[in-house]
There are 2 protein chains.
Amino acid sequence: MPEYRTTVTWEGGKSCRLSADGRPDLAIGTPPEFGGPEGRWTPEECFIGSIAGCLVSTLLFFAERAKLTLSACTADGAGLMEKTSEGLRFTRVDVRIGVTVADHAEAERARGLRDRLERYCPVSASLRCPVSLELSATTAGETE
Amino acid sequence: MPEYRTTVTWEGGKSCRLSADGRPDLAIGTPPEFGGPEGRWTPEECFIGSIAGCLVSTLLFFAERAKLTLSACTADGAGLMEKTSEGLRFTRVDVRIGVTVADHAEAERARGLRDRLERYCPVSASLRCPVSLELSATTAGETE
């Protein structure tokens, strides 16, 4: 089964480089609110992005299998970090996925994929903190 | 407390764009072994990178508080994805951090930070899958 590897190299201060074989390097850093530099991806954003990105990958897989034709798909992810008695923790992650399909029948079928995403997305299923997932589907002529 | 937000926008095929306010967009995609394109960051790598990156951020925080002067720090993260009865899951994540410090006394103190990283890294503490963390410390004149 696949293994996923990355390397973090400290560059001084609160800045690092994130690298993986065959991928462009990514400048990352501690979040500015914890003393890090501005303008770099933070591990926290990579974490939320990995959850939203993996849910979208999972959606694309099931949509293809269901022969659903998407014309657009976006996912907004938000993760709340809070102080708990054990230290800083992500206490909830919300992901809202919106897809655009051809007609109402396809929209209904697209909405029906939600539970499979929750169950089969390997990243979100590997988390302890609750992930709240919304999946909305509209047709090309509609506005949400 | 801080909230971390990212957006995933599907670009066709198995390719997406990952964006966050004030950060450069990142081209991501389903892993090649699941039909995605070559050369893009995958959500799975972002996930492992977020864990390794957050552990390094946490280390930098505690090293500063302990007045430890690092001359180098790298972290290698690897996550194993396996088929389980519930579907694909990350069944283990291994992170090996190596730091270089000035002398043996500092190396000893650096190694002593390990348990605090495990306890206080907000990303790795938010996971259900086990994270195995190694922290080694060498002095500038040494090779590991």
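Everything discussed here concerns the structure shown above.
Everything numeric in this text was worked out from a predicted model, so none of it was measured. (Residues numbered from 1 in each chain as written. Chains lettered and ligands numbered in written order. Predicted model: local features only at pLDDT ≥ 70, side-chain atom pairs only at ≥ 80, totals over all residues. Heavy atoms only, no water.)

What follows deals with the environment of Leu26(B). Positionally, Leu26(B) belongs in strand β3 (residues 26-29). Distance from Leu26(B) to Cys16(B), taken between C-alpha atoms, is 8.5 Å for residues 10 residues apart in sequence. Setting aside residues no more than four positions away along its own chain, Leu26(B) makes contact with Leu26(A), Cys16(B), Arg17(B), Leu18(B), Trp41(B) and Cys46(B). (Helix = DSSP H or I, 4+ residues; strand = E, 2+ residues; numbered from the N terminus. Contact = heavy atoms within 4.5 Å.)

Chain B puts 73 residues into the contact, and the matching count from chain A is 73 residues. Note on chain B versus chain A: buried area summed over both sides is about 6,400 Å², and carbon and sulfur give 61% of it. The tally of links between chain B and chain A comes to 4 salt bridges. In this structure, Lys14(A) engages Glu64(B) in a salt bridge whose closest nitrogen and oxygen atoms are separated by 3.4 Å. The tally of links from chain B across to chain A stands at 36 residue pairs in polar contact (both at pLDDT 80 or more). Listing elements by their share of the side of chain B that touches chain A, those giving two or more residues are β1 (3-12), β2 (15-19), β3, α1 (43-65), β4 (72-84), β5 (87-101) and α3 (114-120) of chain B. (Buried area = accessible area lost by both parts, 1.4 Å probe. Salt bridge = Lys/Arg side-chain N within 4 Å of Asp/Glu carboxyl O. Polar contact = N/O pair within 3.5 Å; in protein donor to acceptor, adjacent residues only side chain to side chain.)

The biggest cluster of nonpolar side chains holds 86 residues, and the ones touching the most others in it are Ile97(A), Val99(A), Ile97(B) and Val99(B). If we skip the residues at most four places from it in the chain, Ile97(A) touches Leu55(A), Leu59(A), Cys73(A), Thr74(A), Ala75(A), Leu117(A), Leu133(A), Glu134(A), Leu135(A) and Ser136(A). (Core = buried A, V, L, I, M, F, W, Y, C linked by side-chain atoms within 4.5 Å. Buried < 20%, exposed > 50% of the residue type's maximum accessible area, 1.4 Å probe, protein only.)

Here the focus is the relation of the copies chain B and chain A. Mapping chain B onto chain A calls for a rotation angle of 180° and an axial translation of 0.0 Å; the resulting RMSD is 0.0 Å. The relationship between the two copies is best expressed as a two-fold rotation axis. Taken as a fraction of all interface residues of chain B, those also at the interface in chain A reach 100%, which identifies the copy contact as same-surface. (Least-squares fit on C-alpha atoms with pLDDT ≥ 70 in both.)

Before going further, it helps to spend a moment on the sheet that holds β1(B). Taking strand neighbours across the sheet as the criterion, the 6 strands line up as β6(A)-β5(A)-β4(A)-β1(B)-β2(B)-β3(B) in an open arrangement whose pairing is mixed. Strand pairing shows two members of the sheet lacking a second neighbour, β6 (131-139) of chain A together with β3 of chain B, which therefore form its edges. Sheet twist, expressed as the average angle between the axes of neighbouring strands with direction ignored, equals 20°. In terms of strand pairing, strand β4 (residues 72-84) of chain A meets strand β5 (residues 87-101) of chain A through 13 bridges, oriented antiparallel. Note that in β5(A) the partner of Ala78(A) across the bridge is Asp94(A). Running over the sheet, helix α2 (residues 104-111) of chain A touches β5 and β6 of chain A and is turned about 170° from β6(A). (Pairing = 2+ DSSP bridges. Axes fitted to C-alpha atoms, helices over the stretch in contact; angles between N-to-C directions.)

All we've got here are geometric facts, nothing functional implied.
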